[in-house]
Amino acid sequence: MTKGSADYVRRYYQVPAKRGGRIKFRGQPGTIVAFHGAGLRVRLDDNPKRILTCHPTWRIDYLDGAGER
């Protein structure tokens, strides 16, 4: 398990993070596109050309297929 991997983020922060997973960051919907260090690389729906690096537990809501946490 290397730092910067999806497995590391899931185990260390105990979150359901996965590439392609739907999230809300500060209330804005988006998609996890990659992992960077212990962070998430997120593309928000309202600005698809910009990719943010986010902490896995700070202002992130993980959504299931129905859009719920």
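See the structure printed just above.
The text that follows walks through the structure, step by step, so that each part is easy to find.

### What to know about the overall build of the chain
Helices and strands together make up the secondary structure of the chain, namely one helix and five strands. Taken from N to C terminus, the helices and strands of the chain fall in the order α-β-β-β-β-β. For the chain, with 69 residues in total, the buried portion stands at 33%. Sequence separation of at least 24 residues holds for 33% of the intrachain contacts in the chain that already meet a minimum separation of 6. When the accessible surface of the chain is summed, it comes to about 4,600 Å², and 46% of that surface belongs to carbon and sulfur atoms.

### Observations concerning the sheet that holds strand β3 (residues 39–44)
With antiparallel pairing, five strands are arranged side by side in an open sheet as β4-β3-β2-β1-β5. The open sheet has two edge strands with one neighbour each: β4 (51–54) and β5 (60–62). Strand-to-strand twist across the sheet, computed as the mean angle between neighbouring axes with direction ignored, equals 40 degrees. Note: strand β1 (residues 22–25) against strand β2 (residues 28–36), four bridges, orientation antiparallel. By the bridge assignment, Lys 24 is partnered in β2 with Pro 29.

Criteria and thresholds
- Residues numbered from 1 in each chain as written.
- Predicted model: local features only at pLDDT ≥ 70, side-chain atom pairs only at ≥ 80, totals over all residues.
- Heavy atoms only, no water.
- Helix = DSSP H or I, 4+ residues; strand = E, 2+ residues; numbered from the N terminus.
- Buried < 20%, exposed > 50% of the residue type's maximum accessible area, 1.4 Å probe, protein only.
- Contact = heavy atoms within 4.5 Å.
- Areas by Shrake-Rupley, 256 points an atom, 1.4 Å probe, with all protein chains shown as cover.
- Pairing = 2+ DSSP bridges.
- Axes fitted to C-alpha atoms, helices over the stretch in contact; angles between N-to-C directions.

In short, the description is geometric, and any link to function would need to be established separately.
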